[in-house]
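Read off the chains here:
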Amino acid sequence: MNNAVKSGQAVLALCGLLWGVASQATNLAELPLKTSLLAKPNVIFGLDDSGSMDSEVMLATNDGALWWNVVDSKGWKVDSAHPIASLRNVSSPLFNAVGDASSTWRKMIYLFPNGQGSGMRTYGDDDNDHFAIAPTPQFAFVRSSKHNPIYYNPLVTYKPWSPAYISAAVSYGNATPTAAKTHPVSGTSTYNLAAVRNSAASNEVFTMLPGMRIPANAKYCNSSDTCTPDIDAGSSGKDVTSGKYRASISFWPATYWVTESCTPEAGDNSGCTTAPNGDLLKRYEIRPGNTFPSGRTYADELQNFANWFTYYRKRKLMLSAAMGETLENLTGMRLGVVVFNDRKTVTMYDADAASAANNGKRVAGIFYKTDGSGGTPTRDTLSYIGEQYRNASNVVQYACQRNSAFIVTDGFANASGGSVPSYTQATWGTGAPYQSIFSGTLADIALSYYTVNIRAAMPTGKVPVTATDANPNLHMTTYGLTMGARGPLWEGNGTARPTSTAAWPNPNQNRSPTSVDDLWHATINGRGQMYTASTPEET
């Protein structure tokens, strides 16, 4: 059975990258870190703290959300115009090309609605978005790691977060299944995973839209977003044909579905159903007396699910788990963090410092406690990191030092912001795949900070060169990790680089998949590397 950080979910490619570099890397053009250099390399992470990091789903859609079209009364279909070519001939969750929630497009991101506040949901139910997805067979696929890769995978062993420093040294233990914290650091909210849950409280209900089915014996209301479900769906349930309903539905929290041969059953309590793409899904409830694909006992399976729930359930929790595991024993580098929506002068921490307040555990603590909302200003963040290298006196120490930006994001960026220092593109950016034909993009920003001498007052020509990074002057390389997001060109690790500059799309629309390609272009221009990791197979 695999450790969760080594085999599991989205950002684990980052874990592998950092650990591999620290232990054995020799090609510094391909990787940003190296422990054997006397001048410890600098790595500044750009940490995505956008609201979508609170999501409990990661689908092959814009923002990774489940988008429901209330006009068509559906959330999946065969879409020949899907921006991801490999999905054009199969039924898959809808891609909202417009990008924003509206009266037509409703956005759904939660699976365990538990109220709004510290340690709970970042967003409450709004007019058109941030809704919770019903725990019914119709939506079994979002509770299957095959289709929603951040969901519980019984073949993975989930460990508590690694130790960190958050105002003081802190360590974490196994979650309590009957009172599992909904966030390891923030708030005091808990969830009983081993008992039937049914709540009619605000932001603890499920939103039901045209084309969805309210199951038998659930209660619902349709007067407003703040109404209390009090209408009984009866023994036959209710098929929603219009409007928007709030429903309180009884469900067993410790439940998951796996791709497995079974006979589909009708009804609201089906134990076998089909996913949008036709996969057969079998339901497993973690109850006494049941068996599980993992071969674990009931107690061990419930404990594993509880650890996943507390430490991995959301995108931001999963990212924190991977970073903490990576940073716990990392040595030989200097690390900093710039938070997307809270950009401040960066503090660099020496991974070899004896005190947890000053080493990688402090950096892990920054990831653990970051809990924001807002947009995804990736361009502003990359530009800000570049300016930290140019102007912050505590960052670049030596003329031979390597300096990298590492952007970690879950989805699609805002198509605005960022500034580009004056540079000559012909120096390092002519021809495919480098040339930037759209100004102000991530690709343009990355190329500029790769080209300009980020510390003009220091001697030039001192940075070791390699076959893939021939710039001997102080510069910034750019790395990126998308947590499952894909673009029209970028479909994952190993995607072939474009052979024509015209192949790069114009990333001029918010929430567009072209912004993923723009990040990929930025890592090429910055002589770094692009990664995506959303499934164990991709990892």
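Preceding this paragraph is the structure being described.
Attention here is on the structure that accompanies the text. Note that this is a predicted model, so its numbers are computed, not measured.

Take the overall build of the chain next. Check the secondary structure of the chain and you find nine helices and 26 strands. In terms of overall dimensions, the chain is globule-like: its C-alpha atoms have a radius of gyration of 24 Å, near the 24 Å expected for 539 residues. A principal-axis box enclosing the C-alpha atoms of the chain has dimensions of 80 × 50 × 40 Å. Buried residues in the chain amount to 59% of all 539 residues.

Now for the packing of helix α3 (residues 298-311) against helix α4 (residues 315-327). Geometrically, a packed helix pair is captured by the angle between its two axes and the distance between the axes. Contact pair α3 / α4: the axes reach a minimum separation of 8 Å and the direction vectors enclose 100 degrees. With respect to each other, α3 and α4 are oriented roughly perpendicular. Residues F309, T310 and Y311 of α3 pack against L317, M318 and A321 of α4. Considered class by class, the residues forming the contact of α3 with α4 number five nonpolar, one polar and no charged.

Bringing the packing of α4 against helix α5 (residues 360-369) into the picture now. Relative to each other, α4 and α5 sit at 180 degrees, their axes nearing to 9 Å. Relative to α5, the element α4 is oriented roughly antiparallel. Residues L319, S320, M323, G324 and L327 of α4 form the contact with α5, whose own contacting residues are G360, V363, A364, F367 and Y368. Here the residues of the contact of α4 with α5 sort into seven nonpolar, three polar and no charged.

Let's shift gears to the sheet that holds strand β19 (residues 255-259). Hydrogen bonds between backbone groups are what pair the strands of a sheet, and the pairing can be parallel or antiparallel. Pairing within the open sheet is antiparallel, and its three strands lie in the order β19-β21-β20. Lying at the two open borders of the sheet, with one neighbouring strand each, are β19 and β20 (272-274). Pairwise comparison of adjacent strand axes, ignoring direction, gives a mean angle of 35 degrees for this sheet. Looking at chain direction, β19 and strand β21 (residues 280-285) are connected through five bridges and run antiparallel. In the strand pairing of β21, T259 is matched with L281.

Read from one edge to the other, the open sheet built from three strands follows the order β3-β6-β7, with strand pairing classed as mixed. Edge positions in the sheet fall to β3 (66-69) and β7 (131-132), since each has one partner strand and no second.

In this structure, T441 sits in the loop between α7 (425-428) and α8 (442-451). Note on T441: relative accessible area 4%, which makes it buried. Within the structure, the side chain of T441 is placed 3.2 Å from the backbone oxygen of F438, a separation counted as a polar contact. In contact with T441, not counting residues within four places along its chain, are R379, P507 and D518.

The rules behind these values
- Residues numbered from 1 in each chain as written.
- Predicted model: local features only at pLDDT ≥ 70, side-chain atom pairs only at ≥ 80, totals over all residues.
- Heavy atoms only, no water.
- Helix = DSSP H or I, 4+ residues; strand = E, 2+ residues; numbered from the N terminus.
- Rg over C-alpha atoms; globule rule 2.2 N^0.38 Å.
- Buried < 20%, exposed > 50% of the residue type's maximum accessible area, 1.4 Å probe, protein only.
- Axes fitted to C-alpha atoms, helices over the stretch in contact; angles between N-to-C directions.
- Parallel < 35°, antiparallel > 145°, perpendicular 65-115°, else oblique.
- Contact = heavy atoms within 4.5 Å.
- Nonpolar A, V, L, I, M, F, W, Y, C, P; charged D, E, K, R; others polar.
- Pairing = 2+ DSSP bridges.
- Polar contact = N/O pair within 3.5 Å; in protein donor to acceptor, adjacent residues only side chain to side chain.

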